[in-house]
Amino acid sequence: MKKVAPADEAQQTQTSVLCRALEQHVRQGDILRQLGVVFKVFLGGAAKRDKVISHKTKEIREQTIVQAYRQLKQDGFAIKDIRNIKPKHINHLIGVWQKNNLSVATMHSRLSILRVFCEWLGKSGMIPPAAKLLPEHQAKRSYVAEKDKSWTAHEIDPEQLIRQIQQFDLYVAMQLEVIQAFGLRRKEAICFKPWQVETPEGDAIRIYSGTKGGRPRMIPIDTPQKRAVIEAAKAFVPHKQAHIADPDKTLKQNIARFGYVMLRFGITKEASGATAHGLRHQYANDRFEEFTGNTTPVRGGDGRVDEAINEARYRVSEELGHSRIKITNSYYGKFQRQG
């Protein structure tokens, strides 16, 4: 007799609990309430149930699943019980996404979320790999940058633009300075506490608030620019426990404000082709070139690989908060295979 793994057994138990909890709302045909039950039972866990997932990930899962059922209802599918979702519904959704010209990355992400959702419903295996559902040119998601996403590549002068933003919003301008100097993510910059992150030796900062997956990391303070930004951030905050975001706003409000300022100043794909995340790409590419003296493939480099190149890729990967050297391809472009 096949033994059931503890994690699988736990999910089976949760699915049984879910089925009992759904009955009342199924009788009423209330899809949104049914989904609410599912989220209450399952949404706190990771897809692989071996790591903690962020609030943002939970929010994206919920939005994607609710949106899928709303789309199906809008298109005439009379689903009274969320467990009645079938392959034909998934195929219809894919058709809608393709018609709306969604990116390959977005379609893969949505399929992944719906695959996990179907597992929650006891329909494991219902959604096959993307390669079996999408056309060949969409079946494989690329993690390799095809062009430089840095601000400078889009003819944006970071210092000049940040000075302009300072006239409108001092908090967001300070966050952009930190992103530019240390390659932080947006949320990490908003949560940045300059007096708390610096090591006792003063040679590095430790990023722990707002990190992806709760993974802390160290970034060296090894340039005059980095030291200047740290000191400016210290002078900016009112006390030593403060972060560089607006203290009168919640985290969610500060994130929304950041997005609004980017929109107002044209830092969007639609307006300029650049996003705030482009400053992180700029940090990654500049840092690689600083370590190696070579340009990255996405900036016209030859993509050759040797021990020194891989060491630089690893160092930058660690500074960006990634655990895999391969992920640097999404910033640099494609390197040649070794050997």
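Along each chain, residue indices are assigned from 1 in the same order as the chain's sequence is written. Local features in this predicted model are restricted to residues whose pLDDT is 70 or higher, and side-chain atom pairs enter the listing and the counts only when it is 80 or higher, whereas totals over whole chains, interfaces and linings include all residues. Heavy atoms from the whole structure form the basis of all side-chain values; hydrogens and water molecules are not counted.

**Focus: the overall build of the chain**
Here comes step 1: The numbering of helices and of strands both runs from the N terminus, where a helix is a DSSP run of H or I of at least 4 residues and a strand a run of E of at least 2. Each helix and strand counted, the chain has 16 helices and 2 strands in total.
Here comes step 2: Remark: exposure states derive from per-residue accessible area (1.4 Å probe, protein chains only) relative to the maximum for the residue type, with buried under 20%, exposed over 50%, and partly exposed in between. Buried residues in the chain amount to 42% of all 339 residues.
Here comes step 3: Note on contacts: a residue pair is in contact if any heavy atoms of the two residues lie within 4.5 Å. Restricting to contacts in the chain with at least 6 residues of sequence separation, those with at least 24 account for 63%.
Here comes step 4: Using a 1.4 Å probe, the Shrake-Rupley method yields the accessible areas, and only the shown protein chains count as cover for residues. For the chain, the exposed area adds up to about 19,000 Å²; of that, 50% sits on carbon and sulfur atoms.

**Regarding the packing of aromatic side chains**
Here comes step 1: Each aromatic pair joins two rings of Phe, Tyr and Trp (for Trp, the six-membered one) with centres within 6.5 Å, and gets the label stacked for planes under 30 degrees apart, edge-to-face for over 60, and tilted for any other angle. Following the criterion strictly, the structure yields 7 aromatic pairs and no others.
Here comes step 2: Relative to W120, the ring of F42 lies with its centre 5.3 Å away and its plane at 10°, an arrangement referred to as stacked. Pair noted here: F42 is in helix α2 (residues 31-42) and W120 is in helix α5 (residues 104-120), with a separation of 78 residues, a long-range link.
Here comes step 3: For F42, a relative accessible area of 4% translates into the label buried.
Here comes step 4: Residue W120 is classed as buried on the basis of its relative accessible area of 5%.

**Comments concerning helix α13 (residues 251-264)**
Here comes step 1: Multiplying 1.5 Å by the helix residue count minus one yields the expected span of that helix. Compared with an ideal rise of 1.5 Å per residue, which puts 14 residues at 20 Å, α13 spans 20 Å between its outermost C-alpha atoms and is within 8% of the ideal.
Here comes step 2: When α13 is considered as a whole, its buried residues turn out to be N254, F258, V261 and M262. Looking straight down α13, one finds that the buried residues subtend no more than 100° of arc, so they occupy a single side. Among the exposed residues of α13, those pointing more than 90 degrees away from its buried face are K252, A256 and L263.
Here comes step 3: Note on α13: the residue one or two positions beyond its end, G266, has a positive phi of about 75°. In this description, the arc belongs to the directions extending from the helix axis to the C-beta atoms.

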